[in-house]
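# Notes for the structure review
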Amino acid sequence: SDYPLRDVYKRQDISRERLNGLHLSAGAFSFAVMTECALSETCLAMADLSCADLRAADLSGADLRGANLSRATLNAADLSGARLGGMDLGVTTTTRWPTNLEAARLIGARLAVCDLRGANLTKAQLRGADLSGADLRGANLTDADLTDAVMLGARLQDAELEGAIGLRLPRG
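Residues numbered from 1 in each chain as written. Predicted model: local features only at pLDDT ≥ 70, side-chain atom pairs only at ≥ 80, totals over all residues. Heavy atoms only, no water.

### Remarks on the overall build of the protein
Assigned secondary structure in the protein consists of zero helices and zero strands. The 172 residues of the protein split such that 46% are buried. Taking all contacts inside the protein whose residues are at least 6 apart in sequence as the whole, residues at least 24 apart take part in 13%. Carbon together with sulfur atoms contributes 47% to the accessible area of the protein, which is approximately 8,100 Å² in total. (Helix = DSSP H or I, 4+ residues; strand = E, 2+ residues; numbered from the N terminus. Buried < 20%, exposed > 50% of the residue type's maximum accessible area, 1.4 Å probe, protein only. Contact = heavy atoms within 4.5 Å. Areas by Shrake-Rupley, 256 points an atom, 1.4 Å probe, with all protein chains shown as cover.)

Structure (structure tokens):
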């Protein structure tokens, strides 16, 4: 069901709130503090989460397709099985403030064709993730687990891959 006050969260501290399974598509959450927020199976498609603090948030199985996560902080967030296709992780200005996904759990996440340029994916768990056509130029994938990740057409120029586990690049 729709959450009637979804726009109230802009610039608000809703840390540790339980919003599992709600329909919050196109909601305004920019600059919200959402640390340890429970958002499992929540629909956040097309939501504005720019500059949101989502550290240790549970976004497992959430629908984030088309969501704006530019300059968001997602350290230790659980995005296992989340639908992330077409999500905006970049900025349209001349200064890039890449998204921080350090140690994020992205197991089985659908990141196909996502703009992850310059993103911090250090120690991210990307086992079985679909990174087909993703733009990872300049991304930091140090010690990331890419076991069984689909990388067909991914752009990895200038990406930091030291210690990456299970990285298998397509030939050709």
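Still to come is the rest of the account.
### Digging into the nonpolar core
One finds Met34, Leu79 and Leu136 to be the most contacted residues of the largest nonpolar core, which totals 51 residues. Excluding residues within four positions of it along the chain, Leu136 makes contact with Leu116, Leu121, Leu131, Met151, Ala154, Arg155, Leu156, Gln157 and Ala159. (Core = buried A, V, L, I, M, F, W, Y, C linked by side-chain atoms within 4.5 Å.)

### Details of the side chain of Asp135
Judged by relative accessible area, which is 11%, Asp135 ranks as buried. Within polar-contact distance, the side chain of Asp135 engages the side chain of Arg137 at 2.6 Å. Other than its neighbours up to four places away in sequence, Asp135 contacts Cys114, Asp115, Leu116, Arg117 and Arg155. (Polar contact = N/O pair within 3.5 Å; in protein donor to acceptor, adjacent residues only side chain to side chain.)

### Concerning unusual backbone geometry
Even without being a glycine, Ala26 presents a positive backbone phi close to 60°. One non-glycine residue with positive phi stands out, namely Ala56, at about 60°. Judged by its relative accessible area of 37%, Ala56 falls in the partly exposed class.

### Overview of the confidence of the model for the protein
Parts of the prediction with low pLDDT should not have their coordinates interpreted in detail. Overall, the predicted model of the protein reaches an average pLDDT of 84, with 85% of residues at or above 70. Note that residues 91-97 has pLDDT below 50 and, in this model, nine contacts with residues that lie over four places away or in other chains. (pLDDT = per-residue confidence, 0-100.)

### Thoughts on the pattern of salt bridges
For the structure on display, the rule yields nine salt bridges. Notably, a salt bridge pairs Asp135 with Arg117, separated by 3.7 Å at the nearest N-O pair. Residue classification places Arg117 among the partly exposed residues on the basis of a relative accessible area of 30%. The partner of Arg127 in a salt bridge is Asp145, and the shortest N-O contact between them spans 3.0 Å. Of the residues examined, Arg127 reaches a relative accessible area of 33% and is grouped as partly exposed. Asp145 sits in the buried class, given a relative accessible area of 12%. Via salt bridges that share partners, Arg117, Asp135, Arg137 and Arg155 belong to a single interconnected network. (Salt bridge = Lys/Arg side-chain N within 4 Å of Asp/Glu carboxyl O.)

### Here's the deal with the packing of aromatic side chains
If you walk through the whole model with that rule in mind, you get one aromatic pair. Arranged with centres 5.6 Å apart and planes meeting at 20°, the rings of Tyr9 and Phe29 form a pair that is stacked. The ring of Phe31 has Arg11 lying over it, and the distance from NZ or CZ to the ring centre is 4.3 Å. (Phe/Tyr/Trp six-rings, centres within 6.5 Å; stacked < 30°, edge-to-face > 60°. Lys NZ or Arg CZ within 6 Å of the ring centre and 35° of its normal.)

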